[in-house]
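Structural characterization, general
Listed below, chain by chain, are the residues.
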Amino acid sequence: MPPSPAPAARVPPSPARDPSLLIADPAELILLERQGLAFGQQLGAPAEDAQSLLTSPRYASFVAVIERDLAELSSRDGVAFSQFPLDTQRLNYVFDPKWLRSPHARFQLVGVVNRLDMRFSTPKECGQLRLIYRLSLQPKGRPVVRLPMTVNVIRPLPMGPGASCGAIARQWRELPVSASERTVAVGRMVTQLPPMSRLETNFQNLHGPGTPEADDHAEYVLRAFDVRANRLIPRPLLNTPRADLNPAERKALTDWMVKSFMDIDAGRSVIPDRFLATRAISVSPRGLSRPANRVFSSLFKAEVDSRVFAELPYAKAKLVRSPRGLLRRLDGFTCTGCHQSRSVAGFHLPGEERDPNQTFNALAVGVSPHLHEELGWRARMLASVADGTTFAEPRPFPEHPTSAGFYGSHCGLGDPTFADWTCQTGLKCRDSHHDEVGYCAPAIPTSGDACENARVVARPGASGDQIVADPPEVCQGQSSDAIPCIANRYGFPLGFCTVPCAQPGARSGSSVCAPMLVSGYEQVCFPQEDPIEDCVRKQGLVAVMTTRTCSVDEPCRDDYGCSRYPGSAPGTGACVPPYFLFDFRVDGPRLDR
């Protein structure tokens, strides 16, 4: 294994396991399900399988909306009618609506999240408690398969006497240290809250393969619902404008942006409903370099060019210092922009694997870098509310929750808004997509690092944007006759430096030797009746390669997930493209779908 440069100084861990903000430990979540927090119990269903959930009018009305979305989005050119048999003219596969009605499907609780920080959007409440569930299947004779869909049940956090939020903030901060006592306390607190008021969902409606000029790509549908008369009714998405605003609406929204500038800077602005979408579609990979994830930048490019936003009071702002910074700030507050900012394949809380012994197709870290890093800011807000003090720290950009500047952090490339988004010593700001923001990376790429910058050219349709790649770079430690950089076309966004290695689990600096699937494994093994883990082994479709190590405090770069490997310690893993994990794609092995 080639040597790796000494890693830059690590950022102090943020409180990712602070139960006053987030409960994500699978063992605790299983106990909480038994204490009344299971998905079916929130909906009033008699059992937890999806077929039984349909007896709940709330769930049935939710499924009806999703089925209509899927019917519409699946009718586009290039979308396959089914995964099997393979159709080489239609390689974009879609979410199977039958999963939402299957007796073999259920929604697993993957997180309990205290969102007192959402008070700005719920002025008559103290924010929200969010119960996050992930759809899973139990195929006969196979391990549980998790699917790329999460559902968020929202319970209001009520105000106390005098319209104060201090009491409920202190209640969360004073949870018991013991996990068993804590689950009892949380279960009791939740049952005392007002009933479910809203539901939100984020699910992958489409996944397609990489090509010489396109990414291994995916689309995600984002929707929100109100509870009305025991049904779920679509509602406007918070701070997410429609992409088809007419000129008069654009002018009115421009006026709102100018008037609300200081609230936008602080992160407490709420766009009027008349401008908002009820459905949005985010795309992956490449985050905010994708035009579809930047609705404000797409709507208001002409206004920036004509200097409509040039004279705003940037000198008084704490974060936004330029017109392009204003649009990126607003883009990050949309559902599409936030879900594609430092996420894991479009999700911020995909959840940890419940089976601690599973290493094949298993995620090692169940929270996104964005969520993990923003917990520090949320903790400071919670403490301020509990103590009754004024909290004036603005909400950070979703893609830049801390100023640590460690590996993978986003950094500025010249625009005044991002001038203080810098990198730690030993790292440089990599101009990965030639826009306002790059990410912190070694000056000379080594194992697991990017080696192929690119430009994104917007292109309509189901097959993703066009990717115009720069010439690949030579990676450190590569021999002259080795492939210096695995290109994006093979499913590695921004390319991937690696060399073969002999000892799985062996580490050197920031590198680890780990098994990884070889390009083409889907076409060979997905259609087979054999278990996928047996097929890839028999067909020689597993390579042992160097990549970066990872953990919750040492995250992967954008568009990579932290995967377990045989022998990896709990909470640690190897960085791989997330669509190499079948749990993050709608298509998959025949036996598991």
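Here the structure is a predicted model, which is why all the values come from computation and not from measurement.

**Quick word on the sheet that holds strand S12 (residues 437-442)**
Each strand in a sheet pairs with its neighbour through backbone hydrogen bonds, running either in the same direction (parallel) or in the opposite one (antiparallel). Spatially, the three strands line up as an open sheet ordered S10-S12-S11, and their pairing is antiparallel. Looking at the sheet topology across the chains shown, the edges are occupied by strand S10 (410-412) and strand S11 (427-430). Ignoring strand direction, the axes of neighbouring strands in this sheet form an average angle of 50 degrees. Pairing of S11 with S12 involves four bridges; the strand directions are antiparallel. Each residue of the ladder has a partner; that of Leu427, found in S12, is Pro442.

**Digging into the state of the cysteines**
Enumeration according to the criterion identifies nine disulfides in this entry. Cys556 shares a disulfide with Cys575; S-S distance 2.1 Å. The sign of the -95 degrees torsion about the S-S bond sets the Cys556-Cys575 disulfide as left-handed. Of the two residues, Cys556 is situated in the loop between strand S17 (542-551) and strand S18 (561-563) and Cys575 in strand S19 (residues 572-576); the sequence distance between them amounts to 19 residues. Accessibility assignment for this pair places Cys556 and Cys575 in one class, buried. No disulfide involves Cys335; its sulfur sits 7.8 Å from that of Cys338, the nearest cysteine. Classification of Cys335 as buried rests on a relative accessible area of 18%. A relative accessible area of 21% means that Cys338 is categorised as partly exposed.

**Description of the pairing of strand S8 (residues 231-235)**
Bridging between strand S7 (residues 217-228) and S8 involves five bridges; their strand directions are antiparallel. Bridge assignment links Ala224 to a residue of S8, and that residue is Arg235.

**Structural notes on the pattern of salt bridges**
For the structure on display, the rule yields 46 salt bridges. Here Asp117 ties to Arg395 by a salt bridge, and the two come within 3.0 Å at their closest N and O atoms. Of this pair, Asp117 sits in the loop between strand S3 (105-115) and strand S4 (128-137) while Arg395 sits in the loop between helix H13 (369-387) and S10, and the two are 278 residues apart along the sequence. Neither Asp117 nor Arg395 differs from the other in exposure class; each is buried.

**So, the sheet that holds strand S15 (residues 507-508)**
Spatial ordering of the open sheet is given by S15-S16-S17-S19-S18, a layout of five strands whose pairing is antiparallel. Each edge of the open sheet is held by one strand with a lone partner, namely S15 and S18. Note that strand S16 (residues 511-517) and S17 share seven bridges and pair antiparallel. The partner of Pro515 across the bridge, within S17, is Val544.

**Brief notes about helix H5 (residues 166-173)**
For H5, the full list of buried residues reads Gly166, Ile168, Ala169 and Trp172. Residues of H5 that are buried in the fold lie against S3, S4, helix H6 (179-191) and H13.

**Observations concerning the environment of Gly438**
Along the polypeptide, Gly438 turns up in strand S12. The class of Gly438 is buried, set by a relative accessible area of 3%. For the pair Gly438 and Asp18, spaced 420 residues apart in sequence, the C-alpha separation works out to 30 Å. Excluding residues within four positions of it along the chain, Gly438 makes contact with Ser409, His410, Cys411, Leu413, Cys429, Arg430 and Ser432.

**Section: the packing of helix H1 (residues 26-37) against H6**
Where H1 meets H6, the closest approach of the two axes is 9 Å, and the angle between their N-to-C directions is 35 degrees. Between H1 and H6 the crossing geometry is right-handed. Listed contacts from H6 to Glu28, Leu31, Leu32, Gln35 and Leu37 of H1 are Ala179, Arg182, Thr183, Val184, Val186, Gly187 and Val190. Residue composition of the contact of H1 with H6, grouped by class: seven nonpolar, three polar and two charged.

**Quick notes on the layout of surface pockets**
Roughly 990 Å³ of volume is contained in the largest pocket. What lines the largest pocket is a set of 44 residues, and nearest its centre among them are Arg115, Met118, Arg130, Glu200 and His339. The set of elements that each furnish at least two residues to the lining of the largest pocket consists of S3, S4, strand S5 (145-156), strand S6 (198-208), S7, helix H11 (323-333), helix H12 (335-339) and H13. Classifying every residue of the lining of the largest pocket gives 21 nonpolar, 13 polar and ten charged. Computed from the structure, the second largest pocket encloses a volume of approximately 590 Å³. Lining the second largest pocket are 30 residues, with Ala243, Ile281, Val283, Pro291 and Ala292 positioned closest to its centre. At the level of elements, helix H4 (57-73), S7, strand S9 (279-284) and helix H9 (295-299) are the ones that each hand at least two residues to the lining of the second largest pocket.

**Quick look at the packing of H5 against H13**
Relative orientation and spacing of two packed helices are given, respectively, by the angle between their axes and the distance between those axes. In contact at an axis separation of 7 Å, H5 and H13 are set at 125 degrees when each is read in the N-to-C sense. The angle between H5 and H13 places the two elements in the oblique class. Crossing angle aside, the handedness with which H5 passes H13 is left-handed. Counting all contacts with H5, which are made through Gly166, Ala169, Arg170 and Arg173, the residues of H13 involved are Leu382, Ala383, Val385, Ala386 and Asp387. Residues of the contact of H5 with H13, tallied by class, amount to five nonpolar, one polar and three charged.

**Details of unusual backbone geometry**
In this structure, the amide linkage connecting Phe84 to the following residue, Pro85, adopts the cis form with an omega of 0 degrees. Backbone torsion omega between Ser284 and Pro285 reads 5 degrees, so that peptide bond is classified as cis. Residue position: Pro285 is located in the loop between S9 and H9. We note that Asn239 has phi near 55 degrees; this positive angle belongs to a residue other than glycine.

**Digging into the environment of Leu413**
On the secondary structure map, Leu413 appears in the loop between S10 and S11. Judged by relative accessible area, Leu413 falls into the partly exposed class, the value being 33%. Put simply, Leu413 and Glu436 are 23 residues apart on the chain and 5.4 Å apart in space, counted from C-alpha to C-alpha. Discounting residues that sit within four places of it in the chain, Leu413 has contacts with Cys429, Asp431, Asp435, Glu436, Val437 and Gly438.

**Topic: H1**
Turn by turn, an α-helix covers 3.6 residues, leaving residues three or four places apart pointing in a common direction. Here H1 spans only 13 Å end to end across twelve residues, well under the 16 Å set by a 1.5 Å rise per residue. Pro26, Glu28, Leu29, Leu32, Glu33 and Leu37 are the residues of H1 that are buried. For H1, the angular spread of the buried residues around the axis is 145 degrees, confining them to a single face. Buried residues in H1 make contact with strand S1 (22-23), helix H2 (39-43), S3, S4 and H6.

About the thresholds
Residues numbered from 1 in each chain as written. Predicted model: local features only at pLDDT ≥ 70, side-chain atom pairs only at ≥ 80, totals over all residues. Heavy atoms only, no water. Pairing = 2+ DSSP bridges. Helix = DSSP H or I, 4+ residues; strand = E, 2+ residues; numbered from the N terminus. Axes fitted to C-alpha atoms, helices over the stretch in contact; angles between N-to-C directions. Disulfide = S-S within 2.5 Å. Buried < 20%, exposed > 50% of the residue type's maximum accessible area, 1.4 Å probe, protein only. Salt bridge = Lys/Arg side-chain N within 4 Å of Asp/Glu carboxyl O. Contact = heavy atoms within 4.5 Å. Left-handed = near helix turned anticlockwise from the far one by under 90°. Nonpolar A, V, L, I, M, F, W, Y, C, P; charged D, E, K, R; others polar. 1 Å grid on protein atoms, 1.4 Å probe; cavity = no way out; pocket = protein on both sides within 12 Å on 5 of 7 lines; lining within 4 Å. Points joined across faces, edges and corners; volume = space filled by probe spheres on them. Parallel < 35°, antiparallel > 145°, perpendicular 65-115°, else oblique. Expected span 1.5 Å × (residues − 1). Arc of directions from axis to C-beta.

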